[in-house]
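# Chains, contacts and geometry: an overview
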Amino acid sequence: MAAPTITPLGYAMGAEVTGLDLRRPLDAATRRALYEAWLRHVVLVFPDQNLTPEQHIAFSANFGELDDHASQAPETLLDGHPEILVVTNKHRLGKPSGTRNTGRNWHTDLSYTVRPAKGALLLCQEKPPVGGDTMWANLSLAYETLSPKMRGIVDGLEAVHDVTLVKGIGQRDPTIVATMKARNPPVVHPMVRTHPDTGRKSLLAGERISSILGFSEEESQALLDFLNTHATSPEFVYRHRWRVGDIVLWDNRCTCHVALPDFDQTQPRLMLRCSLKGEAEGRLAEAAPAANREAMIQAVAALS
Ligand SMILES: O=C(O)CCC(=O)C(=O)O
Ligand SMILES: [Fe+2]
């Protein structure tokens, strides 16, 4: 098998991989080369790969075990292939799609479960003439560019991730939303993760975090706003303009991403996603409400 050509696409991350036909199994040397390229470039783009579901699943398995999508509503999975999530604005089974606005705020896939995905492989099957772009932010760079003092603060923090913060979830089919909520109670993850393959630390930022443990609501919100703005600033972002047949593989252990609504929603967009099963384990959140500023003022007043 000839070595693939790997062309960097951005400073923060991203590289295009050409010279491979992903319909065929990879030999061991190519698999190793791709895995190394993935760790180095974080987001890999494979153009012109119109894979069948079976080929998509087989190619994805080169990068890890596949997630069975038990956290998702079954209606959003591809018939006969639960390893594939269908992200589309097209009607499915005669109803508006349960994933028509998936990914509309910055997130790390499946962070609302105890086992966020290791990575994911998204295949573009149909796209609007313009727009429908996806952006990824490099959370290792985000962590490393915090001041040493701030790194010291976030290093020890844990945060609550909540599926109800998925943007636009309220506009989805209520049955699908009820399943998502029932399957995914709030969970706690450390705010700083260490990448199991590279040892690099990254900031687990994103807009599906409801609070930081031990902080008041106001303190949480202010720090989360700062961290999210910092983490998703343009210098840490790769923005992908899709072409039909693109497969994008991202490392979900050190990135977050957002699917932009920058297109005419009457035009079809159809993406298929395999998720790689996560390695890290979070824990279920306990239902302890965070203190708020007003309650703390009253508590102090009661003592004086
Ligand atoms: O549709 C997209 O571009 C990405 C949606 C998303 O967040 C995902 O599939 O993980
Ligand atoms: Fe996503």
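Residues numbered from 1 in each chain as written. Chains lettered and ligands numbered in written order. Predicted model: local features only at pLDDT ≥ 70, side-chain atom pairs only at ≥ 80, totals over all residues. Heavy atoms only, no water.

Below, the discussion takes up the overall build of the chain. Scanning the chain from N- to C-terminus turns up seven helices and 17 strands. Relative to its length of 304 residues, the chain is compact, with a C-alpha radius of gyration of 20 Å against a globular reference of 19 Å. Along the three orthogonal principal directions, the C-alpha set of the chain runs to about 75 × 45 × 35 Å. Looking at the chain as a whole, 53% of its 304 residues are labelled buried. The contacts of the chain with a sequence gap of at least 6 include a subset with a gap of at least 24, amounting to 82%. When the accessible surface of the chain is split by element, carbon and sulfur atoms take 56% of a total near 14000 Å². (Helix = DSSP H or I, 4+ residues; strand = E, 2+ residues; numbered from the N terminus. Rg over C-alpha atoms; globule rule 2.2 N^0.38 Å. Buried < 20%, exposed > 50% of the residue type's maximum accessible area, 1.4 Å probe, protein only. Contact = heavy atoms within 4.5 Å. Areas by Shrake-Rupley, 256 points an atom, 1.4 Å probe, with all protein chains shown as cover.)

The full count for this structure, using the stated rule, is 18 salt bridges. For D251, the salt bridge goes to R253, with nearest N and O atoms at 2.9 Å. Accessibility classification places D251 together with R253 in one group, the buried group. For E279, the salt bridge is made with R253, and the minimal N-O distance between the two is 3.4 Å. With E279 in the loop between strand 16 (270-276) and strand 17 (283-284) and R253 in the loop between strand 14 (247-251) and strand 15 (255-259), this pair connects stretches of sequence that are 26 residues apart. (Salt bridge = Lys/Arg side-chain N within 4 Å of Asp/Glu carboxyl O.)

Direction of pairing for strand 1 (residues 5-8) relative to strand 2 (residues 15-18): antiparallel, over a ladder of four bridges. The residue bridging T7 from the neighbouring strand is E16, located in strand 2. Between strand 1 and the antiparallel strand that follows it, strand 2, lie six residues; G14 among them carries a positive phi value of about 105°. With two bridges joining them, strand 2 and strand 3 (residues 43-46) adopt parallel strand pairing. By the bridge assignment for strand 3, A15 is matched with L44. With helix 1 (residues 28-41) bridging strand 2 and its parallel neighbour strand 3, the resulting β-α-β unit is right-handed. (Pairing = 2+ DSSP bridges. Right-handed = clockwise from strand over helix to strand, strands pointing away.)

Attention shifts here to the sheet that holds strand 13 (residues 237-240). Strand order in the open sheet formed by three strands is 13-7-15, and the pairing between neighbours is antiparallel. Of all strands in the sheet, those with a lone pairing partner are strand 13 and strand 15, marking the two edges. Shown here is a sheet whose adjacent strand axes are inclined to one another by a mean of 20°, direction ignored. In this sheet, strand 15 lies alongside strand 7 (residues 134-138) in antiparallel orientation, the contact comprising five bridges. Residue T134 lies in a different strand from strand 15, and its bridge partner there is A259. (Axes fitted to C-alpha atoms, helices over the stretch in contact; angles between N-to-C directions.)

Spatial relationships are all this shows, so hold off on functional conclusions.
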